[in-house]
Amino acid sequence: MGLLPKFEFDEKILAQGDEISRKLDQLRLEKFPPDAKKTLRLFPMSEVAHYLGVSPNNLKRLHLEKKGPEPTIAGSGRRFYTAEQMIELRHYLDKNGRSDAKKYVPVRKPGEKLQVIAVVNFKGGSGKTTTAAHLGQHLALTGHRVLAIDLDPQASLSALHGFQPELDRNPSLYDAIRYDEKRRPVAEVIRPTNFPLLEIIPANLELQEYEYDTPLSMQSSNEGKRFYERLGRALEEVDDRFDIVVIDCPPQLGFLTLTALTAATSVLITVHPQMLDLMSMSQFLLMLGNFVRAIREKGAAVNIDWLRYLITRFEPTDIPQTQMLGFMQSMLAEEILKNPMLKSTAISDAGLTKQSLYEVERGSFNRDTYDRAIEALDAVNFEVQALIHRAWGRL
């Protein structure tokens with residue numbers, strides 16, 4: 001039997017990477033023609049009412065009285081609104097609602113600081129990117145001005161929002177925090193998404209350069225020695241544009257993650273309820289704690305309003321997972337979010353077309369499967385939203 005022909009490893013993997021990128025772009029063009037830009041579905045009246053915090057009958061009455069935006073009416077008589085119309089409804093209700101009613105436009109008030117949520121995990125496969133994507137989209141659907149930052153060079157969060165870095169040549173946060181004269185204002189690297197109140201700083205492979213540049217700069221300048229302040233300073237440039245920043249951190253404790261955690265006002269740690277994942281998380285926490293202590297001693301201000309653990313990919317019928325959850329609750333008590341994120345084929349099926357669960361049509365799935373998944377997602381995200389509002393001093 002003859003030997004297989006030799007090949008250059010770098011040439012082979014580059015060729016395979018190019019081929020995969022080409023096929024993915026072809027799928028994107030097929031899914032989002034003609035300009036490959038993502039759009040957003042219409043939202044049924046019941047769903048709009050859910051995110052606005054009103055009853056469907058209230059919205060139906062507004063429409064019958066010809067108040068607020070005009071919905072699209074399907075042949076069945078069902079009313080649908082665009083995401084832009086949901087914002088119009090918020091402002092209409094906020095202006096014309098009863099004085100004792102809750103506010104429908106939840107943007108920051110004077111004195112309320114920008115909330116920066118770092119979504120982290122030391123181990124891949126914990127649902128970190130899925131969590132960050134759905135959290136950012138949910139906060140936008142509920143009326144908040146959101147900036148999502150993809151800090152993972154693998155750019156999964158970017159892909160979910162319609163960006164393919166190697167083909168789109170989009171900038172990344174690296175352009176706004178690099179150490180040389182090519183640094184750009186952070187506003188120049190922010191891109192719109194198909195959600196009207198959600199913008200994003202996509203990722204690309206160039207982000208990895210920050211991991212190499214930082215130790216070199218630490219040896220030669222004070223800029224490098226205080227690298228952890230760079231993201232916070234960049235966000236100050238756009239502080240008035242956003243209420244909340246959601247950062248999808250890389251799955252390792254490098255300079256990118258440390259920079260994000262120092263800028264954060266809150267930390268959400270995703271964890272799959274299995275022993276190996278818990279062991280990995282314990283190492284992550286020990287390393288993170290030592291880092292925070294070290295920069296505090298150097299005068300850095302690390303002000304975290306809250307830290308929570310989110311149980312992800314949870315299967316309530318899996319007895320070992322349930323036991324592990326009980327074990328974690330015995331140690332972490334109030335730090336674990338009350339609502340876990342259930343494992344669901346609906347989320348993975350939506351991901352096949354680079355969509356989130358908030359983007360797909362309910363009718364495209366088994367309805368019970370979809371409803372269970374969206375109910376779990378909303379429960380998690382409304383709980384996080386409540387933590388954000390509490391940090392602002394709202395009840």
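Residues numbered from 1 in each chain as written. Predicted model: local features only at pLDDT ≥ 70, side-chain atom pairs only at ≥ 80, totals over all residues. Heavy atoms only, no water.

Observations concerning the pairing of strand β10 (residues 306-311)
Argument step 1. Extensive coverage of β10 is indicated by the burial of 5 of its 6 residues.
Argument step 2. As paired strands, strand β9 (residues 266-271) and β10 are joined by 6 bridges and run parallel to one another. Directly across from S266, in β10, lies its bridge partner W306.
Argument step 3. The parallel pair β9 and β10, bridged by helix α13 (residues 275-297), forms a crossover whose chirality is right-handed. (Buried < 20%, exposed > 50% of the residue type's maximum accessible area, 1.4 Å probe, protein only. Helix = DSSP H or I, 4+ residues; strand = E, 2+ residues; numbered from the N terminus. Pairing = 2+ DSSP bridges. Right-handed = clockwise from strand over helix to strand, strands pointing away.)

Some remarks on the environment of S280
Argument step 1. The topology assignment puts S280 in helix α13.
Argument step 2. Through-space distance from the C-alpha of S280 to that of F122 is 6.6 Å; in sequence the pair is 158 residues apart.
Argument step 3. Apart from residues no more than four positions distant in its own chain, S280 is found in contact with F122 and K123. (Contact = heavy atoms within 4.5 Å.)

Overview of the nonpolar core
Argument step 1. Counting 56 residues, the largest nonpolar core has L59, I117 and L357 as the members making the most contacts within it.
Argument step 2. Here this core takes 9 residues from helix α16 (residues 367-391), the largest share from any one element.
Argument step 3. If we ignore the near neighbours within four places in the chain, the residues touching I117 are L135, I244, V245, V246, I247, S266, L268, W306, V384 and I388.
Argument step 4. Among the nonpolar cores identified, the runner-up in size contains 55 residues, and V116, V245, I247 and I336 belong to it. (Core = buried A, V, L, I, M, F, W, Y, C linked by side-chain atoms within 4.5 Å.)

A look at the sheet that holds strand β1 (residues 43-44)
Argument step 1. Ordered in space as β1-β3-β2, the 3 strands form an open sheet in which the pairing is antiparallel. The outermost strands of the open sheet, each flanked by one partner alone, are β1 and β2 (72-73).
Argument step 2. As judged from the 2 bridges shared by β2 and strand β3 (residues 79-81), these two strands associate in the antiparallel manner. Looking at β3, one finds that T72 is bridged to F80.
Argument step 3. Strands β1 and β3 of the sheet are contacted by helix α4 (residues 83-96), whose axis makes an angle of about 90° with β3. (Axes fitted to C-alpha atoms, helices over the stretch in contact; angles between N-to-C directions.)

Re the packing of helix α2 (residues 45-52) against α4
Argument step 1. At a minimum axis distance of 11 Å, the contact between α2 and α4 shows a crossing angle of 50°. When the axes of α2 and α4 are compared, the pair comes out oblique. α2 and α4 meet at a crossing whose hand is right-handed. Here V48, Y51 and L52 of α2 lie close against α4, whose contacting residues are M86, L89, R90 and L93.
Argument step 2. Counted by class, the contact of α2 with α4 contains 6 nonpolar, no polar and 1 charged residues. (Parallel < 35°, antiparallel > 145°, perpendicular 65-115°, else oblique. Left-handed = near helix turned anticlockwise from the far one by under 90°. Nonpolar A, V, L, I, M, F, W, Y, C, P; charged D, E, K, R; others polar.)

Notes on unusual backbone geometry
Argument step 1. Phi at A155 takes a positive value of approximately 65°, unusual for a residue other than glycine.
Argument step 2. At R313, a position not held by glycine, the phi torsion is positive, near 50°.
Argument step 3. Summarising the element assignment, R313 is placed in the loop between β10 and α14 (319-332).

Remarks on a nonpolar patch on the surface
Argument step 1. There is a patch of nonpolar side chains on the surface, built from M275, L276, M279, F327 and M331 and spanning about 520 Å² of accessible area.
Argument step 2. Contributing elements (two or more residues each) for the nonpolar patch: α13 and α14.
Argument step 3. Considering each element in turn, the nonpolar patch owes the most residues, 3 residues, to α13.
Argument step 4. Considering the arrangement of structural elements, one finds L276 in helix α13.
Argument step 5. For L276, a relative accessible area of 61% puts it in the exposed group. (Patch = residues over 30% accessible without salt bridge, like charges linked within 9 Å, V, L, I, M, F, W, Y side chains within 5 Å. Areas by Shrake-Rupley, 256 points an atom, 1.4 Å probe, with all protein chains shown as cover. Salt bridge = Lys/Arg side-chain N within 4 Å of Asp/Glu carboxyl O.)

Side note on the packing of helix α9 (residues 208-220) against helix α12 (residues 255-263)
Argument step 1. Where α9 contacts α12, the axes come no closer than 8 Å and their chain directions differ by 80°. Considering their axes alone, α9 and α12 lie roughly perpendicular with respect to each other. Packed against α9, whose contacting residues are Y210, E211, T214, P215 and M218, the element α12 presents F255, L256 and T259 at the interface.
Argument step 2. Per-class residue counts for the contact of α9 with α12 are 5 nonpolar, 2 polar and 1 charged.

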